[in-house]
Amino acid sequence: MTVLNLMTEEGFEVESIQLGKVKVKESQSNDYEKLEKRLNDLGFELIKDTTKVLVEQIKVALIQKIEKGDTDVLLSELAKDMGKNYSVLSKTFSKSEGITIEKYLINLKIEKAKEYIQLNELNFSEIAYSLNYKNSSHLAKQFKMVTGMSMTDYKSLQIDDRKALDKIV
C-alpha cells in the first residue's frame, strides 16, 4: 500500500503491483529520480540493473513459496518457471548476493522455523515436516548452523530476533 500510494502521489498510473514488482504506464511527465529518492527514504529500492532485477525475482519467488507453505522448492522448477537455465540463475544469484540460492533457501526456512517456534503451535517434528525436511534432526542441524543455537535453546530464550523474509541475504 505504501508503494502504491507513493506511486499515485507522484502521478504514476499503476497497472499492477505485487511483491517486488510494480508495472506502470509509461509517461513522459513522470519524474523517476524524485520517485527513486522517495522510495529510498521509505526503505525501498528502485531496481534498474537487469542482474538485480533477476536476483529480486528469484528472492520474491522463493519467499512466496515459503509464505504459501510450499516448501518443497525444486530449484530446477523455479528456473523453468522463470524461463531461465538453472546454472544462469545460480551463478547470477551467487555473484550478486555472495551466497548460493540453496543457502538462501535454507536461511528462509530457518526464519520460518523461528516463526513457528515463537507461535508455539507445532512441535519440532511438525515444524520439520511443514518445512519439508525428512526428519527433525536435519532441521535441527541446519538451525544450529545458521543461528548458532539449538532449537530448544532458541525456544527457551524466547527471543524475537527474526528477520523479515525480504531482508534475508
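To start, this report covers the structure provided alongside it. Bear in mind the structure is a predicted one, so any value in this text is a computation, not a measurement. (Residues numbered from 1 in each chain as written. Predicted model: local features only at pLDDT ≥ 70, side-chain atom pairs only at ≥ 80, totals over all residues. Heavy atoms only, no water.)

Brief notes about the packing of aromatic side chains
Applied cut-off: Any Phe, Tyr or Trp ring, taking Trp's six-membered ring, that has another such ring centre within 6.5 Å forms a pair; planes under 30 degrees apart are called stacked, those over 60 apart edge-to-face, and the others tilted. Where helices and strands are cited, they refer to DSSP runs of H or I of at least four residues and of E of at least two residues respectively, numbered from the N terminus. For every residue, the accessible area obtained with a 1.4 Å probe (protein chains only) is divided by the maximum for its type, and the residue is called buried under 20%, exposed over 50%, and partly exposed between those limits. A ring is scored as having a charge over it whenever the NZ atom of a lysine or the CZ atom of an arginine sits within 6 Å of its centre and within 35 degrees of its normal.
Tallied over the entire structure, the rule returns 2 aromatic pairs. Each ring, one from Phe143 and one from Tyr154, has its centre 5.5 Å from the other, and the planes form 70°; the classification is edge-to-face. Of the two residues, Phe143 is situated in helix H8 (residues 136-147) and Tyr154 in helix H9 (residues 151-157); the sequence distance between them amounts to 11 residues. For the pair formed by Phe143 and Tyr154, the shared burial category is buried. Its guanidinium or amino end placed over the ring of Tyr133, Lys109 lies 5.1 Å from that ring's centre, counting from NZ or CZ.

A few points about the pattern of salt bridges
To keep it simple, the criterion reads: Any carboxyl oxygen of Asp or Glu within 4 Å of a side-chain nitrogen of Lys or Arg constitutes a salt bridge here.
This structure, assessed with the given rule, holds 8 salt bridges. Close ionic contact of Lys59 with Glu97 constitutes a salt bridge, the shortest N to O distance being 2.9 Å. Taken together, the residues Lys59 in helix H3 (residues 50-67) and Glu97 in helix H5 (residues 86-97) connect sequence positions 38 residues apart. Of the two residues examined, Lys59 and Glu97, each falls in the buried class.

A look at helix H1 (residues 2-9)
The following threshold applies: When we speak of the arc, we mean the arc of directions from the helix axis to the C-beta atoms. Between two residues, a contact is recorded if the distance between any of their heavy atoms is within 4.5 Å.
Val3, Leu6 and Met7 are the residues of H1 that are buried. Each buried residue of H1 sits inside an arc of 100° when the element is viewed along its axis, so together they form one side. Those residues of H1 that are exposed and angled more than 90 degrees off the buried face are Thr8 and Glu9. Buried residues in H1 make contact with strand E1 (14-18), strand E2 (21-24) and helix H2 (32-41). Positive phi shows up at Gly11, right after H1, with a value of about 85°.

What about the packing of H3 against helix H4 (residues 75-82)?
To be explicit about the condition: All axes here are fitted lines through C-alpha atoms, helices being fitted over the stretch that makes contact, and every angle between N-to-C directions spans 0 to 180 degrees. Each angle receives one of four descriptions, namely roughly parallel if under 35 degrees, roughly antiparallel if over 145, roughly perpendicular if within 65 to 115, and oblique otherwise. Each crossing gets its hand from how the near helix is turned against the far one by less than a right angle, where anticlockwise is left-handed and clockwise is right-handed. Three classes are used: nonpolar for Ala, Val, Leu, Ile, Met, Phe, Trp, Tyr, Cys and Pro, charged for Asp, Glu, Lys and Arg, and polar for all others, with Gly counted as polar.
Running from N to C, H3 and H4 point in directions that differ by 125°, and their axes come no closer than 11 Å. Between H3 and H4, the angle is such that the two are oblique. In the packing of H3 onto H4, the handedness of the crossing is right-handed. Facing H3, whose interface residues are Leu54, Gln57, Ile58, Ala61 and Leu62, H4 presents Leu75, Leu78 and Met82. Residue classes in the contact of H3 with H4 are distributed as 7 nonpolar, 1 polar and no charged.

Some points on the environment of Val60
Considering the arrangement of structural elements, one finds Val60 in helix H3. On the basis of relative accessibility, which here comes to 10%, the residue Val60 falls in the buried class. Residues Val60 and Asp70 lie 10 residues apart in sequence; the distance between their C-alpha atoms is 13 Å.

Re the packing of H5 against helix H6 (residues 101-119)
Axis separation between H5 and H6 bottoms out at 9 Å; the angle between their running directions is 70°. One finds that H5 runs roughly perpendicular with respect to H6. Contacts between H5 and H6 involve Tyr86, Leu89, Ser90 and Phe93 on the former and, on the latter, Ile101, Glu102 and Tyr104. Along the lines of polarity and charge, the residues of the contact of H5 with H6 split into 5 nonpolar, 1 polar and 1 charged.

Topic: the environment of Lys91
With respect to the element layout, Lys91 can be found in helix H5. Take Lys91: its relative accessible area is 63%, and that puts it in the exposed class.

Some words on the nonpolar core
Spelled out, the test is: Take the buried residues of types Ala, Val, Leu, Ile, Met, Phe, Trp, Tyr and Cys, join any two whose side-chain atoms come within 4.5 Å, and each joined set is a nonpolar core.
Of all hydrophobic cores here, the largest spans 17 residues; its most connected members are Ile58, Leu62, Leu75, Ile101, Leu105 and Leu108. Every element with two or more residues in this core is listed here: H3, H4, H5 and H6. Among the elements that line this core, the one with the most residues is H3, at 7 residues. Judged by nonpolar contacts, the second largest core, of 14 residues, contains Tyr116, Ala128, Leu131 and Tyr133.

Honestly, it's all geometry; don't read function into it.
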